[in-house]
Amino acid sequence: EIVVLLFGEYNGSKQVTGTRMKKVCQAFLPALQAELANTKYHRIVVTLVWPRVANPGDYVPASASKVAIQPGFSSAKCRGVRFFG
């Protein structure tokens, strides 16, 4: 799992969020592959956390978190992003 705190401009669009998640996944992929060299995995979970943005409830119910959280997952090669739910 890759968890990243973001402090820029929040955008609830799944297209924008998916692009951000894919870039994060690709940036961390070499380190992840080195760390899990002898492990088989099919998915990489990417979670974007916005500590300065109140949770609008678009990805995670507002009752589950006070801050905005955008979880999703990608293939083991970071080719695309899908969202939970």
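Residues numbered from 1 in each chain as written. Predicted model: local features only at pLDDT ≥ 70, side-chain atom pairs only at ≥ 80, totals over all residues. Heavy atoms only, no water.

Draft legend 1. Structural detail: the pairing of strand S2 (residues 43-54). Sheet topology places strand S1 (residues 2-5) next to S2; four bridges connect them, and they run parallel. What sits directly across from Val4, in S2, is Leu48. Looking at chain direction, S2 and strand S3 (residues 67-75) are connected through nine bridges and run antiparallel. From the neighbouring strand, Ile44 faces S3, where its bridge partner is Ser74. (Pairing = 2+ DSSP bridges. Helix = DSSP H or I, 4+ residues; strand = E, 2+ residues; numbered from the N terminus.)

Draft legend 2. Structural view of the sheet that holds S3. Read across the open sheet, the four strands follow the order S1-S2-S3-S4; overall the sheet is mixed. What marks the edges here is a single partner per strand, and that holds for S1 and strand S4 (81-83). Averaged over all neighbouring strand pairs, the angle between strand axes comes to 30 degrees, with direction disregarded. For S3 and S4, the ladder comprises three bridges, and the chain directions are antiparallel. Counterpart to Gly72 in the pairing with S4 is Phe83. With respect to the sheet, helix H1 (residues 14-35) is in contact with S1, S2, S3 and S4, its orientation differing from that of S2 by roughly 120 degrees. (Axes fitted to C-alpha atoms, helices over the stretch in contact; angles between N-to-C directions. Contact = heavy atoms within 4.5 Å.)

Draft legend 3. Broad picture of the state of the cysteines. If you walk through the whole model with that rule in mind, you get one disulfide. A sulfur-sulfur distance of 1.9 Å marks the disulfide that ties Cys25 to Cys78. Between Cys25 and Cys78, the S-S torsion sits near -65 degrees, and that sign places the bridge as left-handed. With Cys25 in helix H1 and Cys78 in the loop between S3 and S4, the pair connects residues that are 53 residues apart, well separated along the chain. Here the two residues Cys25 and Cys78 agree in accessibility, since each one is buried. (Disulfide = S-S within 2.5 Å. Buried < 20%, exposed > 50% of the residue type's maximum accessible area, 1.4 Å probe, protein only.)

Draft legend 4. Just the nonpolar core, in detail. Residues Val24, Ile44, Val46 and Leu48 are the most contacted members of the largest nonpolar core, which totals 13 residues. Residue assignment for this core shows that the elements contributing at least two residues are S1, H1 and S2. Looking at which element gives the most residues to this core, the answer is H1, with five residues. Those residues in contact with Val46 that lie beyond four places of it in its chain are Ile2, Met21, Val24, Cys25, Gln70, Pro71, Gly72 and Phe73. (Core = buried A, V, L, I, M, F, W, Y, C linked by side-chain atoms within 4.5 Å.)

Draft legend 5. Layout of the packing of aromatic side chains. Counted by the stated rule, this structure contains three aromatic pairs. With a centroid separation of 5.6 Å and 50 degrees between ring planes, the pair formed by Tyr59 and Phe83 is classed as tilted. With Tyr59 in the loop between S2 and S3 and Phe83 in strand S4, this pair connects stretches of sequence that are 24 residues apart. Exposure remark for Tyr59: the relative accessible area of 15% places this residue in the buried category. (Phe/Tyr/Trp six-rings, centres within 6.5 Å; stacked < 30°, edge-to-face > 60°.)

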